[in-house]
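A closer look at the structure
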Amino acid sequence: AVSGHKLGGPQGAGALIVRKGIALAPLIIRDILDIVDPDDREYFRYSMERRFKRSLEEVQSAVVQIVAEGSFIDPEFGLQLNAAGSGTGFIIDESGIAVTNNHVVQAAANGGQIRVMFADSQQLDAEIVGRDSSYDIAVIKVDGGMAYGS
């Protein structure tokens, strides 16, 4: 069985999206307010902050933590037994399609187990749809799909 891991690690593609969005929001708002009529700035500031917050909440709900366990054959090191990988990914479709790095799910490539954890603590199994080790990219499908950003 895949053990639980806490969501919100500082690395990974999903975490990068959220961090960059939070970091850029104040700069974008400031730049836009510089060109807005001074009488309208407060309205625009409030409106943009609400939109950014809602957008970031939607992005955060699409970010997932992924843990994979299993055995696989590594071209460089040979057979790897009881291997594990973990990292972040993000849901790109309501049917449960997610993108992550190949090294995160590689351990489960030959019949292992993948567990996906959401920000609301929900955990679901997933399977590999496709992967490419040369680009370090993988696509997985979360069992049952989900509605994110709602």
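Parameters and conventions
Residues numbered from 1 in each chain as written. Predicted model: local features only at pLDDT ≥ 70, side-chain atom pairs only at ≥ 80, totals over all residues. Heavy atoms only, no water. Buried < 20%, exposed > 50% of the residue type's maximum accessible area, 1.4 Å probe, protein only. Helix = DSSP H or I, 4+ residues; strand = E, 2+ residues; numbered from the N terminus. Pairing = 2+ DSSP bridges. Salt bridge = Lys/Arg side-chain N within 4 Å of Asp/Glu carboxyl O. Contact = heavy atoms within 4.5 Å. pLDDT = per-residue confidence, 0-100. Core = buried A, V, L, I, M, F, W, Y, C linked by side-chain atoms within 4.5 Å. Polar contact = N/O pair within 3.5 Å; in protein donor to acceptor, adjacent residues only side chain to side chain. Expected span 1.5 Å × (residues − 1). Arc of directions from axis to C-beta.

Describing the pairing of strand β6 (residues 137–142)
Taking every second residue as pointing to the same face, the buried face of β6 carries A138, I140 and V142, while none of I137, V139 and K141 on the other face is buried. Where strand β3 (residues 97–100) meets β6, 4 bridges bridge the pair, whose relative direction is antiparallel. Its bridge partner lying in β6, A98 is registered against I140. Alignment of strand β5 (residues 123–132) against β6, held across 6 bridges, turns out to be antiparallel. Bridge pairing in β6 links R131 to A138.

Let's talk about unusual backbone geometry
The backbone phi angle of S121 is positive, close to 75 degrees, even though this residue is not glycine. The topology assignment puts S121 in the loop between β4 (113–117) and β5. A positive phi is found at D136, a non-glycine position, where the angle reads about 55 degrees. Of note, D136 is situated in the loop between β5 and β6.

A word on the pattern of salt bridges
With the rule as written, the count across this model stands at 1 salt bridge. Linking D125 and R115 is a salt bridge whose minimum nitrogen-to-oxygen distance equals 2.7 Å. Taken together, the residues D125 in strand β5 and R115 in strand β4 connect sequence positions 10 residues apart.

With respect to the side chain of Q106
Within the fold, Q106 resides in the loop between α3 (102–105) and β4. Judged by relative accessible area, which is 15%, Q106 ranks as buried. Those residues in contact with Q106, other than ones at most four positions away along the chain, are F72, D74 and R131.

Focus: the confidence of the model for the chain
For the chain, per-residue confidence averages 76 on the pLDDT scale, and 74% of positions sit at 70 or higher. Here helix α1 (residues 13–35) stands out as the element of the chain with the lowest mean pLDDT, 54, in contrast to β4, whose mean of 96 is the highest. The low-confidence segment residues 1–22, where pLDDT is below 50, has 41 contacts with residues more than four positions distant or belonging to other chains.

With respect to the nonpolar core
I66, I114, V116 and I140 are the most contacted members of the largest nonpolar core, which totals 17 residues. Ignoring anything within four residues of it in the chain, the contact list for V116 reads V64, Q65, I66, Q122, Q123, L124, A126, I140 and V142.

Some thoughts on the side chain of N102
Residue position: N102 is located in helix α3. Here N102 falls in the buried class, since its relative accessible area comes to 2%. Looking at N102, its side chain comes within polar contact range of the side chain of R131, at 2.9 Å. Not counting chain neighbours up to four residues away, the residues in contact with N102 comprise R131, D132, S133, D136, I137 and A138.

Brief notes about helix α2 (residues 41–62)
End to end, α2 covers 31 Å across 22 residues, agreeing with the expected 32 Å (1.5 Å per residue, within 8%). The complete set of buried residues in α2 reads S47, M48, L56 and A62. Down the axis of α2, the sector holding all buried residues measures 165 degrees, keeping them to one side. For α2, exposure combined with an orientation more than 90 degrees from the buried face picks out Y43 and K53.

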